[in-house]
Amino acid sequence: MVGSPFRKVGRDLAFRHGRRLRQLNYWLVARVAMMMISVLRLLPADKALNFADRVARRIGPLVGRHRVAIDNLRKAYPEKSNSEIEAIASDMWGNMARLAAEYVFLDILFDYDPKAAKPGRVEVSGIEHFVQIAGEAKPHILFTGHLGNFELLPVAAATFGMKITALFRPPNNPYLADYILSTRRSTMGALLPSSAGASFALAAILENGGNIGVLVDQKFSSGPETTFFGRPCQSNPVLGILARHYDCDVYPARCVRLPGNRFRLEIENRLILPRNESGSIDVPSTTQLLSDVVERWVREEPGQWMWFHKRWEISGRRRSRRGRE
């Protein structure tokens with residue numbers, strides 16, 4: 001009994017000390033990142049992006065997440081050789097580095113002009129859909145995945161007069177999160193952090209006839225089980241739930257990275273969502289349909305997706321034998 005208060009004090013001190021160390025680590029990482037950004041700003045955009053790509057391809061294989069990426073790639077492509085798997089992983093690290101460096105040059109990189117006679121760095125496929133959505137007085141949902149520079153999609157939407165609120169997940173590092181959020185807001189319009197209550201905020205936007213953009217390719221621990229590359233995983237059903245409640249149109253959109261630091265932004269035809277016997281949108285089937293669309297995109301450009309997410313980790317129950325293979 002005597003030792004109990006001392007143990008509690010010890011735990012409190014350890015917690016406070018650990019929290020301060022974590023904050024210090026966040027601050028140091030942010031300082032290093034900001035220094036690197038300052039160096040990149042001194043270079044022309046193309047040289048800076050190519051430099052970041054080369055460095056990431058060397059450093060990426062040394063970090064722990066590389067093992068996760070390799071494991072995921074082997075699950076997705078059991079027919080590929082080790083050299084092919086490593087090549088995709090290398091492309092992924094290059095893509096990630098370019099994505100990070102492109103925050104510095106967003107105002108330079110996005111040069112799309114619908115009236116320009118000569119194409120620039122950005123080309124757009126599906127212009128008619130952008131124009132249609134911007135002109136319709138009803139809610140819409142656009143979804144994408146972590147492919148290419150997906151951050152350019154809201155910028156493109158604004159170019160066509162589309163008002164859209166993009167749901168995003170801020171980094172755990174609060175110092176980096178503040179910087180990235182300020183950069184995003186200056187070019188991307190309305191942003192909504194992914195947190196508790198975000199689904200209610202999205203619902204309010206749709207209720208008022210607004211448009212929302214969501215990423216649908218990450219694990220969602222409490223979500224229904226779907227398949228991705230033929231393997232079980234958990235996915236976020238919120239898009240299907242919102243589409244059913246507001247009966248709004250849903251459009252797939254993605255960014256494809258092209259050679260020469262160029263991009264193609266694509267918005268595809270409106271999805272025909274599956275419905276149940278009562279005529280309502282079937283949420284589980286819709287959630288699977290979104291996963292299928294993202295899988296098609298990833299198969300077309302495997303080096304442009306973030307393979308280091310633990311996409312096939314099942315939470316809340318014992319994994320099946322198939323899930324462990």
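Our structure's up above, just so we're on the same page.
Keep in mind the model is a prediction, meaning the values are calculated, not measured. (Residues numbered from 1 in each chain as written. Predicted model: local features only at pLDDT ≥ 70, side-chain atom pairs only at ≥ 80, totals over all residues. Heavy atoms only, no water.)

### Here we look at the packing of aromatic side chains
Convention followed: To pair, rings of Phe, Tyr and Trp, with the six-membered ring standing in for Trp, must have centres within 6.5 Å; the planes then decide the type, stacked if under 30 degrees apart, edge-to-face if over 60, and tilted in the middle. Think of it this way: any DSSP run of H or I at least four residues long counts as a helix, any run of E at least two long counts as a strand, and we number them from the N terminus. Residue burial is assigned from relative accessible area. The probe radius is 1.4 Å, only protein chains are included, and a residue is buried under 20% of its type maximum, exposed over 50%, and partly exposed in between. Two conditions define a charge located above a ring, namely a distance within 6 Å from the ring centre to NZ of Lys or CZ of Arg, and an angle within 35 degrees of the ring normal.
On inspection of all chains with the given rule, the structure shows twelve aromatic pairs. Here F228 and W312 contribute two aromatic rings whose centre-to-centre distance is 5.8 Å and whose plane-to-plane angle is 35°, an arrangement assigned as tilted. A residue pair is termed long-range when its members are at least 10 positions apart, and F228 in strand β6 (residues 225–228) and W312 in the loop between α11 (283–300) and α12 (321–324) qualify at 84 residues. Of the two residues, F228 and W312, neither departs from the other in class, the shared state being buried. Taking the centre distance of 4.8 Å and the plane angle of 90° together, the rings of W305 and W307 count as edge-to-face. One exposure class covers both W305 and W307, and it is buried. Three or more aromatic residues joined by ring pairs form one cluster here, namely Y77, F228, F229, W305, W307 and W312. The positively charged end of K80 is found above the aromatic ring belonging to Y77, 5.0 Å away from the centroid.

### As for a nonpolar patch on the surface
Where we set the bar: Any residue with relative accessible area above 30% and no salt bridge may belong to a patch, with like charges joined within 9 Å and the nonpolar Val, Leu, Ile, Met, Phe, Trp and Tyr side chains within 5 Å. Calculation of accessible area relied on Shrake-Rupley with a 1.4 Å probe; when residues are assessed, cover is drawn exclusively from the protein chains displayed. The term salt bridge refers to a side-chain nitrogen of Lys or Arg lying within 4 Å of a carboxyl oxygen of Asp or Glu.
Residues L21, L24, W27 and L28 make up a contiguous nonpolar surface patch of roughly 370 Å² in combined accessible area. Along the polypeptide, L28 turns up in helix α1 (residues 3–41). Owing to a relative accessible area of 43%, L28 belongs among the partly exposed residues under this scheme.

### Some details on the nonpolar core
Which entries qualify depends on this criterion: Residues belong to a common nonpolar core when they are buried Ala, Val, Leu, Ile, Met, Phe, Trp, Tyr or Cys residues joined through side-chain atoms within 4.5 Å. Whether two residues are in contact is decided by their heavy atoms: any pair within 4.5 Å suffices.
Core analysis: the biggest nonpolar cluster contains 82 residues, and I141, F143, V214, L242 and W307 have the highest contact counts within it. By residue number, the principal contributor to this core is helix α4 (residues 82–102), which donates nine residues. With residues up to four places along the chain from it excluded, the contact list for I141 reads L206, I212, V214, L239, L242, A243, C248, D249, V250 and Y251.

### Comments concerning empty space enclosed by the protein
This is how it is decided: The way it works is a 1 Å grid over only the protein atoms, where trapped points that fit a 1.4 Å probe form a cavity and open points with protein on both sides within 12 Å along at least five of seven lines form a pocket, and then any residue with an atom within 4 Å of a point lines it. Grid points are joined across faces, edges and corners, and a volume is the space filled by probe spheres set on the points. Each residue gets one of three labels, nonpolar for Ala, Val, Leu, Ile, Met, Phe, Trp, Tyr, Cys and Pro, charged for Asp, Glu, Lys and Arg, and polar for the others, Gly among them.
Under the criterion given, the structure shown has two cavities of 30 Å³ or more. Taken together, V216, S235, N236, T287, L290, S291 and R311 make up the full set of residues lining the second largest cavity. Here the lining of the second largest cavity is built from residues that sort into two nonpolar, four polar and one charged.

### What about the pattern of salt bridges?
If you walk through the whole model with that rule in mind, you get 16 salt bridges. Of the charged contacts in the structure, one is a salt bridge between R275 and D247, with a shortest N-O distance of 3.0 Å. Here the residue R275 occupies a position in the loop between β9 (262–267) and α11, and D247 occupies one in the loop between α10 (238–246) and β8 (249–258), the gap between them amounting to 28 residues. A residue is classified by how much of its surface remains accessible, and D247, at 51% relative accessible area, is exposed. Here the salt bridges share partners, and the residues they tie into one network are D53, R57, D91 and R98.

### Quick word on the layout of surface pockets
Volume-wise, the second largest pocket comes out at about 160 Å³. D53, R57, D91, G94, N95, R98, R257, E300, E301, P302, G303 and Q304 are the residues that line the second largest pocket. The leading source of residues in the lining of the second largest pocket is α4, at four residues. Along the lines of polarity and charge, the residues of the lining of the second largest pocket split into one nonpolar, four polar and seven charged.

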